[in-house]
Amino acid sequence: MSGYIKHFDLFLYDEGFVLQLPVKENPNVVPDFQPQNKLFQVLKESEHWGKMLEVDTVGALNEQISKGNIKDIILVAEALQEKKIAEQPLKKFIMIAGPSSSGKTSFSHRLSIQLRANGLKPRTIGVDDYFVDREFTPRDEKGDYDFERLEAIDVEQFNKDMISLSNGEKVLMPTYNFITGKREYKGRVMELGLDDILVIEGIHGINDRLSYALPQESKFKIYISALTQLNVDEHNRIPTTDGRLIRRMVRDARTRGISAVETINRWQSVRNGEESYIFPFQEAADVMFNSALIYELSVLKQYAEPLLFGIPREAPEYVEANRLLKFLDYFLGVGTEDIPNNSLVREFVGGSCFNV
């Protein structure tokens, strides 16, 4: 075609090839290739797990469900995750970050249990409790509140409190009221002992600008994301963002009264925030943890389909809802009766033993 030029580069990487394409902001220039070694290794490990379970495609998963083997699949998948959680090294401040609907809260609780099993005393802090009051929240280009930006956090107060805690001082801890849009202090006082470890969870956890006052040697940074290891078939992968969108839709409808229409409508803004404020820092993590469970979309299907079917044809979000319904149609449904109550999936479908 006249006037049409393809721009791409092909790089040799780890005994394979990577196709490098331009970004949409500059479609005529191929950026330099930046290897993402930690992400690559996590995906490679997840692929190995899928092969070990003999569930590397949706068809193979459906076959196991049809044979009545799903309980064993669930138990082994959960055991593999628990093993990875137990392997995390220890420092005074454990910083946990990741994109939306990665299961950060459940992961933090499960990590805390492992720390207690090692004779330590974990104390959990949610960075969201340090949101600035709503009127000071930055806005995006559409004029909507942009909760994904670091400027939505009171970074100065966060660092002041963390330093005070590390010095053994008592600190009055905040709680953010998402209804009123105000940070509140309700008498919750924290003081760290010698065996106490702070588990800090929030989307900016591995960005050193959040915790600039804390010494690097005192921090252990964990990046968590739902990196779906399942393929539709031998040639087509399942986008990890679809899994997270479905997780978020189910959770928000259940716990926050947010409709599927609202979740879909806001998803691009969430994704933009992740591209700007989360993904650029993922390789700075000490370790990466994959929170995706090989069976979870068969479970989420039961909850997501009624929400998606409820979106009217005239709604702008109907096209995306219809695409997700066709995607979920690949999966046989699975109930929740065999899912442990500490599973990350429980954070989204309910029934968790944690306060999530």
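Details of the structure are given in the entry above.
Conventions adopted
- Residues numbered from 1 in each chain as written.
- Predicted model: local features only at pLDDT ≥ 70, side-chain atom pairs only at ≥ 80, totals over all residues.
- Heavy atoms only, no water.
- Core = buried A, V, L, I, M, F, W, Y, C linked by side-chain atoms within 4.5 Å.
- Buried < 20%, exposed > 50% of the residue type's maximum accessible area, 1.4 Å probe, protein only.
- Helix = DSSP H or I, 4+ residues; strand = E, 2+ residues; numbered from the N terminus.
- Contact = heavy atoms within 4.5 Å.
- Patch = residues over 30% accessible without salt bridge, like charges linked within 9 Å, V, L, I, M, F, W, Y side chains within 5 Å.
- Areas by Shrake-Rupley, 256 points an atom, 1.4 Å probe, with all protein chains shown as cover.
- Salt bridge = Lys/Arg side-chain N within 4 Å of Asp/Glu carboxyl O.
- Expected span 1.5 Å × (residues − 1).
- Arc of directions from axis to C-beta.
- 1 Å grid on protein atoms, 1.4 Å probe; cavity = no way out; pocket = protein on both sides within 12 Å on 5 of 7 lines; lining within 4 Å.
- Points joined across faces, edges and corners; volume = space filled by probe spheres on them.
- Nonpolar A, V, L, I, M, F, W, Y, C, P; charged D, E, K, R; others polar.

Asks: I would appreciate a short explanation of the nonpolar core in the present structure.
Replies: The tendency in soluble globular proteins is for nonpolar side chains to be buried side by side. By size, the foremost hydrophobic cluster in this structure holds 41 residues, and its most contacted members are Ile 70, Leu 230, Ile 238, Ile 246, Tyr 295, Leu 308 and Phe 331. Only helix H2 (58-66), helix H3 (70-86), helix H6 (240-255), helix H7 (260-277), helix H8 (296-309), helix H9 (318-328) and helix H10 (346-349) provide two or more residues apiece to this core. Apart from the residues lying within four places of it in its own chain, the contact partners of Ile 246 are Leu 297, Leu 300, Ala 304, Leu 324, Phe 327 and Leu 328. In this structure, Met 95, Ile 125, Ile 153 and Phe 158 belong to the second largest nonpolar core, which totals 22 residues.

Asks: Sorry, what's going on with a nonpolar patch on the surface here?
Replies: A cluster of nonpolar residues, Leu 172, Tyr 185 and Val 189, forms a patch on the protein surface that exposes about 270 Å² of accessible area. Note on placement: Val 189 falls in strand S6 (residues 182-190). Judged by relative accessible area, Val 189 falls into the partly exposed class, the value being 48%.

Asks: Before we go on, may I ask you to explain helix H1 (residues 37-52) in this structure?
Replies: An α-helical turn contains 3.6 residues, so any two residues separated by three or four positions project in the same direction. Its 16 residues place the ends of H1 22 Å apart at the C-alpha level, agreeing with the 22 Å of an ideal helix rising 1.5 Å per residue. By the burial criterion, the buried members of H1 are Leu 39, Val 42, Ser 46, Trp 49 and Gly 50. For H1, the buried positions fall inside an angular range of 100° around the axis, keeping them on one side. Residues of H1 that are exposed and point more than 90 degrees away from the buried face comprise His 48 and Lys 51. On its buried face, H1 sits against H3 and strand S9 (287-290). In the stretch just after H1, Glu 54 is the one whose phi turns positive, near 60°.

Asks: Explanation requested: the pattern of salt bridges in the structure shown.
Replies: Any two side chains of opposite charge can pair if their charged atoms end up close together. Overall, the coordinates contain 25 salt bridges when judged by the stated rule. The partner of Lys 84 in a salt bridge is Glu 87, and the shortest N-O contact between them spans 3.4 Å. Between Arg 248 and Asp 252 there is a salt bridge, with the nearest N and O atoms lying 3.5 Å from each other. Taken together, the residues Arg 248 and Asp 252, both in helix H6 and four residues apart, mark about one turn of the helix. Of the residues examined, Arg 248 reaches a relative accessible area of 13% and is grouped as buried. Overlapping salt bridges bring together Arg 244, Arg 271, Glu 274 and Glu 275 as one network.

Asks: Even after reading the chapter, I still don't get the layout of surface pockets, so can you show me in this structure?
Replies: By rolling a water-sized probe across the atoms, one finds the places where empty space is left. For the largest pocket, the calculated volume is near 1600 Å³. Within the residue set of the lining of the largest pocket, elements represented by two or more residues are helix H4 (104-117), strand S4 (121-126), strand S5 (171-177), H6 and H7. For the lining of the largest pocket, the leading source of residues is H7, giving six residues. Among the residues forming the lining of the largest pocket, the class breakdown is twelve nonpolar, 16 polar and 16 charged.

Without other data, these values stay purely geometric and don't point to any function.
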